[in-house]
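Chains, contacts and geometry: an overview
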Amino acid sequence: MTPHQDDAQMRGDRPGRLDVRRPYLFTFLIVIMIMVVTGASGAGAAVSGLPTSDFELGAEVVLAVLAAVGLTRLHSWRDVGFRPLARARDLRLYWVPLFPVLPVLAPAVSGLTRIGLGQLGVYLALAGLIGFVEEVFFRGLILRSLAARGALRAAIVSSVLFGLMHSVNVLFGADPAATLLQAGYATAMGFSFATVTLRTGVIWPLIIIHGSINAAGFVTAGGTISTGVTSADVMVSAIYIVGFTIYGVIVLQTAQRPIARPTADEGALSGSSDPR
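What comes next concerns the included structure. (Residues numbered from 1 in each chain as written. Predicted model: local features only at pLDDT ≥ 70, side-chain atom pairs only at ≥ 80, totals over all residues. Heavy atoms only, no water.)

Examining the side chain of Ser 237
Residue placement: Ser 237 occurs in helix 12 (residues 231-254). Polar contacts involving the side chain of Ser 237 include one to the main-chain carbonyl oxygen of Asp 233, which spans 2.8 Å. The residues contacting Ser 237, other than those within four sequence positions of it, are Leu 181 and Tyr 185. (Helix = DSSP H or I, 4+ residues; strand = E, 2+ residues; numbered from the N terminus. Polar contact = N/O pair within 3.5 Å; in protein donor to acceptor, adjacent residues only side chain to side chain. Contact = heavy atoms within 4.5 Å.)

The structure is reproduced here in structure tokens:
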């Protein structure tokens, strides 16, 4: 019996659940929620003159709480991917998602000497929260809900939304060109992350990888906002876009076990024990 069959047996019969009955509406509501919280935070940073990282951190705390509440109310912690890997060999699928950490690892270590412990704590907390929030919403709830309409469509829609959501960084003072570039490679990265999730049914390794990428980037740049674009940035982003897109297609084509997803005759987990 596969882990997904176990999940199916554990679910009760509640076809009225929104992520089952109206996955696109469910996705829309999540995106609107993220935009409202992030937009309010960006507006606060713009009018207050306080460090943007403080407002970013506050927004991510709010979104993390909302994500945790949503998973708990839907009894979906295990369903979205907080479970052990079914096969240890699936760990090899995470080497490519981990790749963006490698080029900035040495600069990040060097950058540790230029920032204080307090600022480092903010960067690490913010990076970890972003990893949790974005993976839960985009590779967890949204991808799982849309997967009932087809794996490829779910991967594309969730990754495009993931990329577009990075456009809100301009509210925190990010350079528009840098934001556009980030949205492009975030879309490709999100696509590869989505296909790995569809293959394994697990998201916690991606939360760790996502947080590590952000932390290394924050420490290397000495901040959380991109203030300009260089030719090297364009070249690296182009490599990421092509590489992650190709990798996502390969993983999706070789997927043998789809993500556990809700269907019309599946509802939330009944009163069974939940890891959270």
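A short note on the layout of surface pockets
Quantified by volume, the largest pocket comes out at close to 1300 Å³. Lining of the largest pocket is provided by 48 residues; of these, Gln 182, Tyr 185, Asn 214, Gly 217 and Ser 226 occupy positions nearest its centre. Elements that contribute at least two residues to the lining of the largest pocket include exactly helix 3 (23-48), helix 4 (52-73), helix 7 (101-111), helix 8 (117-146), helix 9 (151-165), helix 10 (176-200), helix 11 (204-221) and helix 12. Here the residues of the lining of the largest pocket sort into 29 nonpolar, 15 polar and four charged. Counted as a void, the second largest pocket has a volume near 170 Å³. Along the walls of the second largest pocket sit Leu 18, Phe 26, Leu 29, Ile 30, Met 33, Leu 66, Gly 70, Leu 74, Phe 137 and Leu 141, which together make up its complete lining. Within the residue set of the lining of the second largest pocket, elements represented by two or more residues are helix 3, helix 4 and helix 8. Ranked by residues supplied to the lining of the second largest pocket, first place goes to helix 3 with four residues. (1 Å grid on protein atoms, 1.4 Å probe; cavity = no way out; pocket = protein on both sides within 12 Å on 5 of 7 lines; lining within 4 Å. Points joined across faces, edges and corners; volume = space filled by probe spheres on them. Nonpolar A, V, L, I, M, F, W, Y, C, P; charged D, E, K, R; others polar.)

Section: the environment of Phe 138
Mapped onto the elements, Phe 138 comes out in helix 8. Residue Phe 138 is classed as buried on the basis of its relative accessible area, which comes to 2%. With residues near it in sequence (within four places) discarded, Phe 138 still touches Ile 34, Leu 143, Ser 158, Leu 161, Phe 162 and Met 165. (Buried < 20%, exposed > 50% of the residue type's maximum accessible area, 1.4 Å probe, protein only.)

Observations regarding the environment of Ser 76
With respect to the helices, strands and loops of the structure, Ser 76 is situated in the loop between helix 4 and helix 5 (77-80). Along the sequence, Ser 76 and Leu 141 sit 65 residues apart, while their C-alpha atoms lie 8.5 Å from each other.

Let's talk about the packing of aromatic side chains
In total, this model carries eight aromatic pairs according to the counting rule given. Ring centres 6.3 Å apart and planes at 50 degrees place the aromatic pair Phe 82 and Phe 132 in the tilted group. Remark: Phe 132 occurs in helix 8 and Phe 82 occurs in the loop between helix 5 and helix 6 (95-98); sequence separation between them is 50 residues. We note that Phe 82, like Phe 132, is buried. Ring plane angle 75 degrees and centroid distance 6.3 Å describe the contact between Tyr 185 and Tyr 240, whose orientation is recorded as edge-to-face. Placement of the pair is Tyr 185 in helix 10 and Tyr 240 in helix 12, with a sequence separation of 55 residues. A residue is classified by how much of its surface remains accessible, and Tyr 240, at 12% relative accessible area, is buried. (Phe/Tyr/Trp six-rings, centres within 6.5 Å; stacked < 30°, edge-to-face > 60°.)

A look at the pattern of salt bridges
The final tally for this structure, using the stated rule, is five salt bridges. Arg 144 is paired through a salt bridge with Asp 79; the nearest N and O atoms lie 3.1 Å apart. On the criterion of sequence distance, the pair formed by Arg 144 in helix 8 and Asp 79 in helix 5 is long-range, its members being 65 residues apart. For the pair Arg 144 and Asp 79, a shared accessibility class is recorded, and that class is buried. It is possible to trace a salt-bridge network through shared partners that takes in Arg 17, Asp 19, Asp 79 and Arg 144. (Salt bridge = Lys/Arg side-chain N within 4 Å of Asp/Glu carboxyl O.)

Focus on the nonpolar core
A general feature of soluble globular proteins is that nonpolar side chains tend to end up buried together. Judged by nonpolar contacts, the single largest core of 36 residues is most densely connected at Phe 82, Phe 132, Val 136, Phe 137 and Leu 141. The greatest single-element share of this core, amounting to nine residues, is contributed by helix 8. The contact partners of Leu 141, leaving out residues within four places of it in the chain, are Phe 26, Ile 30, Leu 71, Leu 74, Val 80 and Val 136. In this structure, Phe 193, Val 196, Val 202 and Ile 209 belong to the second largest nonpolar core, which totals 16 residues. (Core = buried A, V, L, I, M, F, W, Y, C linked by side-chain atoms within 4.5 Å.)

Side note on a nonpolar patch on the surface
On the surface, a nonpolar cluster with roughly 520 Å² of combined accessible area is contributed by Leu 25, Phe 28, Leu 29, Ile 32, Met 35 and Val 36. Within the element layout of this structure, Leu 29 appears in helix 3. With a relative accessible area of 42%, Leu 29 lands in the partly exposed category. (Patch = residues over 30% accessible without salt bridge, like charges linked within 9 Å, V, L, I, M, F, W, Y side chains within 5 Å. Areas by Shrake-Rupley, 256 points an atom, 1.4 Å probe, with all protein chains shown as cover.)

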